[in-house]
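Next come the chains, spelled out residue by residue.
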Amino acid sequence: MTDDKGSVENDFSGHSAAVVQAGLIQGNVNLRTVMDVPLPSPRQLPPATKGFIDREVHIRQLDSLLDEVELITDEAQLPVVTISTISGSAGVGKTALAVHWAHRVRERFPDGDIYINLRGYDAVPPLTPHEALDGFLRALDVPAEKIPRELHGRAALYRSLTTGRKMLILLDNAATAEQVRPLLPASPSCMVIITSRSRLSGLAVRDGAIRAVLDVLSSQDATRLLRVTIGSERVDRERVAVDRLVELCSHLPLALRIVADRACLDDDTPLTELVEELAAEESRLDALTVEDDELSAVRTVFSWSYKGLNSETARVFRLIGIHPGADIALDAAASLTGLTPQSVRRNLESLVGLHMLARAGPNRFRLHDLLKLYAAERADLDEGSDAVHAARERLLHWYLHHTYAAYQAILPQGRSLPGVDDPPRQTLDEALQWCEQERLNLLDVIRTAPGWGQHQLGWQLALAGMAFFELRSYWKAWVDSHLMGLQCARYLGDRLAEGWLLLSLGDAWWDRGDLDEALRSYTDSLRAARDVDDLWTAGFAVRGCGLVYEDRGDFQAATRHAQDALDTFNRMGERRGAGLALMSLGNAHRGAGRFAKALASYREAMQVFQRLNNRWSQGLVEFHRGQTLLRTGGHEEALSALTSAAALFRELGDRRHMALARSYEGEAHLKLHDRGAAREALANALLTLLELDDPEAADVQRRLADVDWEDSDAAANRGEPDG
């Protein structure tokens, strides 16, 4: 409708998805919808700690902050999000307190709770805000293709989705304020709890966080913990021994729980005997302590518990400490240890029962970071270098096996990895599910491989992961993994692997629009490929250079590179590469105005892809052919080609190319004087591209605005109202 000032506002309600009603558009397109389909309410809190001893002061502080959240929400007094930080040393119970309190109040957050371990002080690099926000947005039901690529876009979308919602966000094991700040919602109805070994003073100064510093347990609370776990009667009977146990455990909750579990194994053993054993271990391991090493404070307790394990369980414990990721799958543990899944499960469950291991999900387990360090230390001391080397190699082969299976499921016509046996075939859904579960671990494994001396497996893993990283738009993971893979290949002097990795890296930069980096990678790839006569990589690297020149408008260079790539692929019988080179050649001809040659190249490319049954590439050829026909006057044939391309992309789930094809459908309708159909196609394309945060949206928006401006101007000349 139009108001007295001539401005236009479109509104709607109901069960429809977003709708664009295009009138006169002179500025930005602003989409406002009213939908009664609720967003998901994620519930991600890990299980609470059994026998938790209340930190009464801190519990009251958190309760008061929650009351403040509800007061702000009800009375709109201060539009700021409430943040509480819980800091303290490792093993002091920060996570236990945060999770315990969150479970007490989670019903007061009806829109859900989000939990993430930021790995601030793990042996592997902390999660970046970019990676954390990806998980948050997926938990909020944002499809992968709609997640923005850049950090600021992800943070903005996250804030939009949490605005007006009452959610609890628990950010565990944070390293710095900079890691946390992009993860803070803006809605005052949300509450954020952050745990860290650091005080995160910056959050208090800039963001108004309320700080709580968690110390070790008092003697009274430490005794209460032992009373709950060992039993009141036994604790009261041996108070002197209990006091000494508390002292030897440094009042640390993690150490106290391990000691208590050991005591419960034999109710008839006097606690005095346990004290003597622990004290003896402490003095014997003094040589392993390091000043300011948090592990030193509890190494004795860990050693004592470790010595009580049977030989097989002890071996499982120390070997899973080798795993570089935050958690480990049952099958990965079986591969690492060389045991059957049934045997390793039995040992893992024993470790869970002793609080030396925690469940992280179905068939997934996690070591506390201090225990992880201790386990890796015991592996070095008790396994021997040859056994550790063999275990690492088994683990890397397990990851390569599964990652390569996913590669083949995603790219069934992709190039085979040399020296790697073909794994059993997987469905695409199976492959993607495994990759999502192991994504962060896979990056950690690739980063760790060079330090283990496993350079060949390192670059093979990087290339195998490319298909998944590209499909799911994990651009940073794609680039980071390939940079590590390049280090491995260059260490070995393997020019074939180096050229292939540089080619894939060029594709990543080109997809992100960084043409300078893309050209540099493609050129270096071509140089490496020619050194070892690798025609496959050379052909695709030459084509990649042509893609860059095409985007820069240098169609003479683009034509030359596409033809060189085609000649290379024809010599080696690489049919898919030949089809792609023919399509690139057609694009270069079109850019230079050689339309007849362009259409001839597209016909040849289509024949190649039809023989290969490569339907996505068929859709891409139709898309480019339709654009060319628009410029030659074959408007009806262009419309048919573009409609066919859009339908094929829609069927294959490629929303981006479907939208681009629809935008050119709009151009074809304009040429055929059907302005209503043109407006509908352009508006539909614009909506999808805006949802995908695609840079092409700006061009489509401009074209749609031109259509409506021309219609409005024509109506004014006829003396008709424009509203």
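The following paragraphs examine the structure supplied in this document. Keep in mind that this is a model prediction, so the values were computed, not measured.

A word on the overall build of the protein chain. Looking only at helices and strands, one finds 31 helices and 10 strands in the protein chain. Here the protein chain, with 723 residues, has 53% of them falling under the buried criterion. Partitioning the intrachain contacts of the protein chain with sequence separation of at least 6 by distance along the chain shows that 66% fall at a separation of at least 24. Of the roughly 32000 Å² that the protein chain leaves accessible, carbon and sulfur atoms contribute 49%.

Across the sheet, five strands lie side by side as 4-5-6-3-7; this open sheet has parallel pairing. Two strands close off the open sheet at either side, each with one partner strand: strand 4 (113-117) and strand 7 (210-213). Going across the sheet, the axis of each strand differs from the next one's by a mean of 15°, ignoring polarity. In the packing of helix 2 (residues 94-105) onto the sheet, contacts are made with strand 3 (82-87), strand 5 (168-174) and strand 6 (191-196), and the angle to strand 6 comes to roughly 160°.

What follows deals with helix 13 (residues 311-320). Burial analysis of helix 13 places seven of its 10 residues in the buried class, which makes it a mostly covered element. Residues of helix 13 that are buried: Thr313, Ala314, Val316, Phe317, Arg318, Leu319 and Ile320. Measuring from the backbone nitrogen of Glu312 back to the side-chain oxygen at the start of helix 13 gives 3.1 Å, which picks out Asn310 as the cap.

Taken together, the side chains of Asp266, Asp268, Glu273 and Glu276 present a region of like negative charge at the surface. Here Asp266 is to be found in the loop between helix 10 (253-264) and helix 11 (271-284).

With that settled, consider the nonpolar core. If you look at the biggest cluster of nonpolar residues, it comprises 138 residues, and the most contacted ones within it are Phe317, Ile320, Leu348 and Leu417. Non-local contacts of Leu348, meaning those with residues more than four positions away in its chain, are made with Val316, Ile320, Leu330, Ala333, Leu357 and Phe365. Ranked by size, the runner-up nonpolar core spans 45 residues in total, among them Ile53, Leu62, Leu214 and Leu278.

Now for the pattern of salt bridges. Inspection of every chain in the model, using the stated rule, returns 39 salt bridges. The shortest N-O distance in the salt bridge between Arg138 and Glu436 comes to 3.3 Å. With a gap of 298 residues between them, Arg138 in helix 3 (residues 129-139) and Glu436 in helix 18 (residues 428-448) connect regions that are remote in the sequence. Here Asp327 and Arg364 are joined by a salt bridge, their closest N and O atoms 3.1 Å apart.

Moving on to the pairing of strand 6. A large share of strand 6 lies buried, amounting to six of its six residues. Taking every second residue as pointing to the same face, both faces of strand 6 are buried, with Met191, Ile193 and Thr195 on one and Val192, Ile194 and Ser196 on the other. Sheet topology note: the strand 3/strand 6 ladder contains six bridges and is parallel. Of the residues in strand 6, the one forming a bridge with Ile83 is Val192.

A sheet is described by the order of its strands in space; here three strands give the open sequence 8-10-9, paired in antiparallel fashion. The sheet is open, and its two edges are formed by strand 8 (328-329) and strand 9 (358-361), each paired on a single side. Across two bridges, strand 8 lies against strand 10 (residues 364-366) in antiparallel orientation. Note on strand 10: the bridge partner recorded for Ile328 is Phe365.

With that out of the way, let us pick up the packing of helix 27 (residues 615-632) against helix 29 (residues 655-671). Angle between the axes and distance between the axes are the two parameters that describe a pair of packed helices. Relative to each other, helix 27 and helix 29 sit at 25°, their axes nearing to 10 Å. The angle between helix 27 and helix 29 falls in the class roughly parallel. With respect to the hand of their crossing, helix 27 and helix 29 are arranged in left-handed fashion. In this structure, helix 27 uses Trp616, Leu620, Phe623, Gln627 and Leu630 to contact helix 29, whose residues at the interface are His657, Leu660, Ala661, Tyr664, Glu667, Ala668 and Lys671. Residue composition of the contact of helix 27 with helix 29, by class: eight nonpolar, two polar and two charged.

Our focus in this paragraph is helix 14 (residues 330-337). For helix 14, the buried fraction is high: seven of the eight residues fall into the buried class. Leu330, Ala332, Ala333, Ala334, Ser335, Leu336 and Thr337 are the residues of helix 14 that are buried. Elements in contact with the buried residues of helix 14: helix 13, strand 8, helix 15 (341-353) and helix 17 (385-410). The first or second residue beyond helix 14 is Gly338, which carries a positive phi of 80°.

A few words now on the pairing of strand 4. Burial analysis of strand 4 places five of its five residues in the buried class, the great majority of the element. Residues Asp113, Tyr115 and Asn117 point to one face of strand 4 and Ile114 and Ile116 to the other, with burial holding for every one of them. Pairing of strand 4 with strand 5 involves five bridges; the strand directions are parallel. What sits directly across from Ile114, in strand 5, is Ile169.

The next subject is the packing of aromatic side chains. The geometry of an aromatic ring pair is captured by the separation of the ring centres together with the interplanar angle, meaning the angle of the planes. This model, assessed by the stated rule, comprises 15 aromatic pairs. Between Phe468 and Phe469 the ring centres are 5.9 Å apart and the planes differ by 50°, which places this aromatic pair in the tilted class. The exposure class of Phe468 is buried, given its relative accessible area of 2%. Note on Phe623 and Tyr664: the rings are 5.9 Å apart at their centroids and 70° apart in plane angle, and the pair reads as edge-to-face. Within this pair, whereas Phe623 is found in helix 27, its partner Tyr664 is found in helix 29, the two being separated by 41 residues in sequence. By the ring-pair criterion, three or more aromatic residues cluster together here, those being Trp500, Trp536, Phe540 and Phe569. Directly above the aromatic system of Trp500 lies the positively charged group of Arg415, at a separation of 4.7 Å from the ring centroid. Between the NZ or CZ atom of Arg703 and the centre of the ring of Tyr664, over which it lies, the distance is 4.8 Å.

With that out of the way, let us pick up the packing of helix 17 against helix 18. Contact geometry of helix 17 with helix 18 gives a least axis separation of 9 Å together with a crossing angle of 135°. With respect to helix 18, the element helix 17 is oriented oblique. In this structure, the crossing between helix 17 and helix 18 has a hand that is left-handed. Every residue of helix 18 that contacts helix 17 at Leu396, Trp398, Tyr399, His402, Thr403, Ala406, Ala409 and Ile410 is listed here: Leu428, Ala431, Leu432, Trp434, Cys435, Glu438, Asn441, Leu442 and Val445. Grouping the amino acids of the contact of helix 17 with helix 18 by side-chain chemistry returns 13 nonpolar, three polar and one charged.

Here the focus is the side chain of Asn347. Secondary-structure assignment places Asn347 in helix 15. The residues contacting Asn347, other than those within four sequence positions of it, are Asn310, Glu312, Thr313, Val316 and Leu339.

Now for unusual backbone geometry. Unlike most non-glycine residues, Asn173 shows phi in positive territory, near 60°. Assignment of secondary structure puts Asn173 in strand 5. Located in the positive-phi region is Asn363, a residue other than glycine, with phi close to 60°. Mapped onto the elements, Asn363 comes out in the loop between strand 9 and strand 10. On the basis of relative accessibility, which here comes to 39%, the residue Asn363 falls in the partly exposed class.

Cut-offs used in this document
- Residues numbered from 1 in each chain as written.
- Predicted model: local features only at pLDDT ≥ 70, side-chain atom pairs only at ≥ 80, totals over all residues.
- Heavy atoms only, no water.
- Helix = DSSP H or I, 4+ residues; strand = E, 2+ residues; numbered from the N terminus.
- Buried < 20%, exposed > 50% of the residue type's maximum accessible area, 1.4 Å probe, protein only.
- Contact = heavy atoms within 4.5 Å.
- Areas by Shrake-Rupley, 256 points an atom, 1.4 Å probe, with all protein chains shown as cover.
- Pairing = 2+ DSSP bridges.
- Axes fitted to C-alpha atoms, helices over the stretch in contact; angles between N-to-C directions.
- Polar contact = N/O pair within 3.5 Å; in protein donor to acceptor, adjacent residues only side chain to side chain.
- Patch = residues over 30% accessible without salt bridge, like charges linked within 9 Å, V, L, I, M, F, W, Y side chains within 5 Å.
- Salt bridge = Lys/Arg side-chain N within 4 Å of Asp/Glu carboxyl O.
- Lys, Arg positive; Asp, Glu negative; His and termini not counted.
- Charge placed at Lys NZ, Arg CZ, Asp CG, Glu CD.
- Core = buried A, V, L, I, M, F, W, Y, C linked by side-chain atoms within 4.5 Å.
- Parallel < 35°, antiparallel > 145°, perpendicular 65-115°, else oblique.
- Left-handed = near helix turned anticlockwise from the far one by under 90°.
- Nonpolar A, V, L, I, M, F, W, Y, C, P; charged D, E, K, R; others polar.
- Phe/Tyr/Trp six-rings, centres within 6.5 Å; stacked < 30°, edge-to-face > 60°.
- Lys NZ or Arg CZ within 6 Å of the ring centre and 35° of its normal.

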